[in-house]
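Observations on the three-dimensional arrangement
The chain contents come next:
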Amino acid sequence: MEALAALDYHSFVGRFEYIWDRAEQPMNIRTTPSGFYVSADYQIARRWFLGGRFDRSGRFNDAQLIDTGGSLLLTYWPSEFSQIRGQLRRTSYADRLTANELLFQFQFSMGAHGAHPF
């Protein structure tokens, strides 16, 4: 039992994605909107993860208008088949609007799978 208590559950996952488009608008106007996100998740305990994310994106119809946002996430895995996540997100839109959101995600897997044939 002591050996199990001594196990250290720490891991880190980082992600980055960049995307762009070359779009032709009416009247032969060509725009190149682009955007990216950077996120990181750190395991703070056996079933608990703390994360953050930053987003930045140009709009499709006007690449000069830039929306940005940031998130804090807390995830709990009750088992390998379910996940509960809370996210606090703040988005600043190019037209000077700001949205603050609190999101919850409940994900459960049910049914037969490869580990348990029926």
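Residues numbered from 1 in each chain as written. Predicted model: local features only at pLDDT ≥ 70, side-chain atom pairs only at ≥ 80, totals over all residues. Heavy atoms only, no water.

1. Looking at the overall build of the protein chain
- Regarding its fold elements, the protein chain presents one helix and eight strands.
- Tracing the protein chain from N to C terminus, the helices and strands come up as α-β-β-β-β-β-β-β-β.
- Expressed as a percentage of its 118 residues, the buried residues of the protein chain come to 19%.
- Look at the contacts in the protein chain between residues 6 or more apart in sequence, and 32% of them connect residues 24 or more apart.
- For the protein chain, the computed accessible surface area is about 9200 Å², with 58% contributed by carbon and sulfur atoms. (Helix = DSSP H or I, 4+ residues; strand = E, 2+ residues; numbered from the N terminus. Buried < 20%, exposed > 50% of the residue type's maximum accessible area, 1.4 Å probe, protein only. Contact = heavy atoms within 4.5 Å. Areas by Shrake-Rupley, 256 points an atom, 1.4 Å probe, with all protein chains shown as cover.)

2. Examining unusual backbone geometry
- Phi at R96 takes a positive value of approximately 65°, unusual for a residue other than glycine.
- Residue R96 is classed as exposed on the basis of its relative accessible area, which comes to 78%.

3. Digging into the sheet that holds strand β4 (residues 34-43)
- Strand order across the open sheet formed by six strands is β1-β4-β5-β6-β7-β8, with antiparallel pairing between neighbours. Where the open sheet ends on each side, the last strands, each with one partner, are β1 (12-20) and β8 (98-108). Averaged over all adjacent pairs, the angle separating strand axes in this sheet is 15°, with direction ignored. (Pairing = 2+ DSSP bridges. Axes fitted to C-alpha atoms, helices over the stretch in contact; angles between N-to-C directions.)

4. Here's the deal with the pairing of strand β7 (residues 82-92)
- Where strand β6 (residues 66-79) and β7 come together, 10 bridges link them in antiparallel fashion. Each residue of the ladder has a partner; that of T75, found in β7, is R85.
- Hairpin geometry of β6 and β7 is characterised by an intervening segment of two residues between the two adjacent antiparallel strands.
- When β7 meets β8, the two strands line up antiparallel, connected through 11 bridges.

5. Looking at the pattern of salt bridges
- Taken as a whole and assessed by the stated rule, the structure comprises five salt bridges.
- When the shortest N-O distance is used, the salt bridge between R15 and D41 registers 2.9 Å. Of this pair, R15 sits in strand β1 while D41 is found in strand β4, placing the two residues 26 residues apart along the sequence.
- Judged by relative accessible area, R15 falls into the partly exposed class, the value being 36%.
- With its nearest N and O atoms 2.8 Å apart, the salt bridge here joins R53 to D55.
- The class for R53 is partly exposed, based on a relative accessible area of 33%.
- Salt bridges here are not isolated pairs; linked through shared partners, they connect R59, D67 and D95. (Salt bridge = Lys/Arg side-chain N within 4 Å of Asp/Glu carboxyl O.)

6. Observations concerning the packing of aromatic side chains
- Per the stated rule, a full pass over the model turns up four aromatic pairs.
- Both rings, one in Y18 and one in W20, keep their centres 5.7 Å apart while their planes meet at 35°; by these two values the pair is tilted.
- Y18 sits in the partly exposed class, given a relative accessible area of 44%.
- Arranged with centres 6.0 Å apart and planes meeting at 45°, the rings of F36 and F54 form a pair that is tilted. Of this pair, F36 sits in strand β4 while F54 sits in strand β5 (residues 48-58), placing them 18 residues apart in sequence. (Phe/Tyr/Trp six-rings, centres within 6.5 Å; stacked < 30°, edge-to-face > 60°.)

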